[in-house]
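Fold and geometry: a report
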Amino acid sequence: MRKMAKQLSRRSNETLWAALFLLLPLCVYFTICILPSLEAFFYSFFDYDGFSKKAEFVGLKNYINLFTKERSFSIAFVNTILYTLVVTVLQNVISLLIALAIYRKSRVNNLFRLGFYLPVIFSAVAIGFTWSFIYDPNIGALNTLLDLLGLRSWQHVWLSEKYISILAIALVHVWWGTGSGMILYIAGLQNASQELLESSALDGCNKWQQFWKITFPMLSPVIGTVVVLTTIGSFRTFELVYVMTGGGADNSSSVLALLSYKQAFSYNNVGYASAIAIVLVVIIGVLSVIQQKAFNSKE
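All figures in this text were calculated on a predicted structure; none of them were measured in a lab.

1. Re the nonpolar core
Y83, Y135, I169, V172, L240 and M244 are the most contacted members of the largest nonpolar core, which totals 22 residues. Breaking this core down by element, the ones donating at least two residues are helix 3 (71-102), helix 5 (124-134), helix 7 (164-190) and helix 11 (239-244). Examining the composition of this core, we find that seven residues originate from one element, helix 7, more than from any other. Discounting chain neighbours no more than four positions away, the residues touching M244 are G128, W131, S132, Y135, L159, I169 and V172. Formed by 21 residues, the second largest nonpolar core is a distinct cluster that contains F46, A76, F235 and I278.

2. What about a nonpolar patch on the surface?
Residues L114, Y117, L118, I121, F122 and I183 make up a contiguous nonpolar surface patch of about 550 Å² in total accessible area. The topology assignment puts I183 in helix 7. Classification of I183 by relative accessible area gives partly exposed; the value is 37%.

3. Quick word on the packing of aromatic side chains
All chains considered together, the criterion is met by 16 aromatic pairs. Arranged with centres 5.6 Å apart and planes meeting at 45°, the rings of W131 and Y135 form a pair that is tilted. Of the two residues, W131 and Y135, both sit in the buried class. Centroid distance Y135 to W158: 6.1 Å. Interplanar angle 35°. Geometry classified as tilted. With Y135 in the loop between helix 5 and helix 6 (141-148) and W158 in the loop between helix 6 and helix 7, this residue pair connects regions lying 23 residues apart in the sequence. In this pair, the class of Y135 matches that of W158, namely buried.

4. Brief notes about the packing of helix 3 against helix 4 (residues 107-117)
The interhelical angle for the contact between helix 3 and helix 4, taken along N-to-C directions, is 160°, at an axis separation of 10 Å. By the angle class used here, helix 3 and helix 4 are roughly antiparallel. Once helix 3 is placed against helix 4, the crossing between them reads as left-handed. Here I98, A101 and I102 of helix 3 lie close against helix 4, whose contacting residues are N109, F112, R113 and F116.

5. What about helix 9 (residues 207-218)?
Listed in full, the buried residues belonging to helix 9 are Q210, F211, I214 and T215. All buried residues of helix 9 lie within an arc of 130° about the axis, which places them on one face of the element. Exposed side chains of helix 9 directed beyond 90 degrees from the buried face belong to W208 and K213.

6. Examining the side chain of Q263
Within the secondary structure, Q263 sits in helix 12 (residues 256-265). Apart from the residues within four sequence positions on either side, Q263 is in contact with N268, N269, V270, Y272, A273 and I276.

7. As for the environment of I139
Inspection of the secondary structure puts I139 in the loop between helix 5 and helix 6. According to the relative accessible area criterion, I139 is exposed, its value standing at 56%.

8. Notes on the layout of surface pockets
If a probe as big as a water molecule is rolled over the atoms, it shows which places are left empty. Of the pockets and cavities examined, the largest pocket occupies roughly 1100 Å³. Taken together, 36 residues form the lining of the largest pocket, with R236, T237, F238, A257 and L280 sitting closest to its centre. Of all the elements in the fold, those that place two or more residues in the lining of the largest pocket are helix 1 (2-43), helix 7, helix 10 (220-235), helix 12 and helix 13 (270-298). No other element matches the eight residues that helix 13 contributes to the lining of the largest pocket.

9. Overview of the pattern of salt bridges
Per the stated rule, a full pass over the model turns up two salt bridges. R152 is the partner of D147 in a salt bridge, and the nearest nitrogen-oxygen pair spans 2.6 Å.

10. Some words on unusual backbone geometry
The phi dihedral of Y163 is positive, around 70°, even though this residue is not glycine. With respect to the element layout, Y163 can be found in the loop between helix 6 and helix 7. Given the relative accessible area of 43%, Y163 is considered partly exposed. Unusually for a residue other than glycine, N268 sits at a positive phi of about 55°. Of note, N268 is situated in the loop between helix 12 and helix 13. Taking relative accessible area as the criterion, N268 reaches 32% and is therefore assigned partly exposed.

11. Here's the deal with the environment of L258
Mapping L258 onto the fold places it in helix 12. Here L258 falls in the buried class, since its relative accessible area comes to 0%. Sequence separation of L258 and A277 is 19 residues, and the distance between their C-alpha atoms is 9.9 Å.

Criteria and cut-off values
- Residues numbered from 1 in each chain as written.
- Predicted model: local features only at pLDDT ≥ 70, side-chain atom pairs only at ≥ 80, totals over all residues.
- Heavy atoms only, no water.
- Core = buried A, V, L, I, M, F, W, Y, C linked by side-chain atoms within 4.5 Å.
- Buried < 20%, exposed > 50% of the residue type's maximum accessible area, 1.4 Å probe, protein only.
- Helix = DSSP H or I, 4+ residues; strand = E, 2+ residues; numbered from the N terminus.
- Contact = heavy atoms within 4.5 Å.
- Patch = residues over 30% accessible without salt bridge, like charges linked within 9 Å, V, L, I, M, F, W, Y side chains within 5 Å.
- Areas by Shrake-Rupley, 256 points an atom, 1.4 Å probe, with all protein chains shown as cover.
- Salt bridge = Lys/Arg side-chain N within 4 Å of Asp/Glu carboxyl O.
- Phe/Tyr/Trp six-rings, centres within 6.5 Å; stacked < 30°, edge-to-face > 60°.
- Axes fitted to C-alpha atoms, helices over the stretch in contact; angles between N-to-C directions.
- Parallel < 35°, antiparallel > 145°, perpendicular 65-115°, else oblique.
- Left-handed = near helix turned anticlockwise from the far one by under 90°.
- Arc of directions from axis to C-beta.
- 1 Å grid on protein atoms, 1.4 Å probe; cavity = no way out; pocket = protein on both sides within 12 Å on 5 of 7 lines; lining within 4 Å.
- Points joined across faces, edges and corners; volume = space filled by probe spheres on them.

Laid out in structure tokens, this is it:
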């Protein structure tokens, strides 16, 4: 009985200490993440400028205006969808192709991994300023290279033209984030059953058949995870667009996160900005659930 009592007291003490250690990070998480989200949801039903003590309750007016009256929201929404599609497809395809080429362990492959992963460690602000210089229509490296190659018809004012500007920023995001997806795909490929691949080779399967019928199904959980992470990251993009164009003329390269920021801090329309933020969160949540269910059904 004494031994049991001691074991129970030890377990209760361990549980108490674990709860105490978790209390601080939970408080920080609630203060930084949960509380602002609840406040944003609350203010999305009000006409509020962020400074005055009074806020006028307007119900669903902010949400209705988003989809019926505000042209800036429709432009930002289309740009965000286009941006997300480009980044999600290209980044995952390129990451997987690179991983397939260098997943085997060797010193040379380690150097390639380092090179491809290097952009990930830089901040979005540094990346944005660097590529803004590269895209410069007068002295930028891209237009200069096209001129040297005799491809002047391909030259553009990359960060000012409609649709081209958002695509140019999306390609920067692909370059910036490819390394993170590559690492996850390499981990998945290294954990794949090599015996199964060897036996399929003995049965006469070529490389394409091995990839499509064996490797790809085994990578399904990893692909699902990377696609969801890429979708979330690109849908909530802010820094690159803010640094490189600031939304562009007539919001030509604006995205939802940037539009929400401008409405709150440039136009003091906190209620409207909160409504945009809530719509963005709902869209990301719905897309994540759909993607996860789609990949889980294939497993």
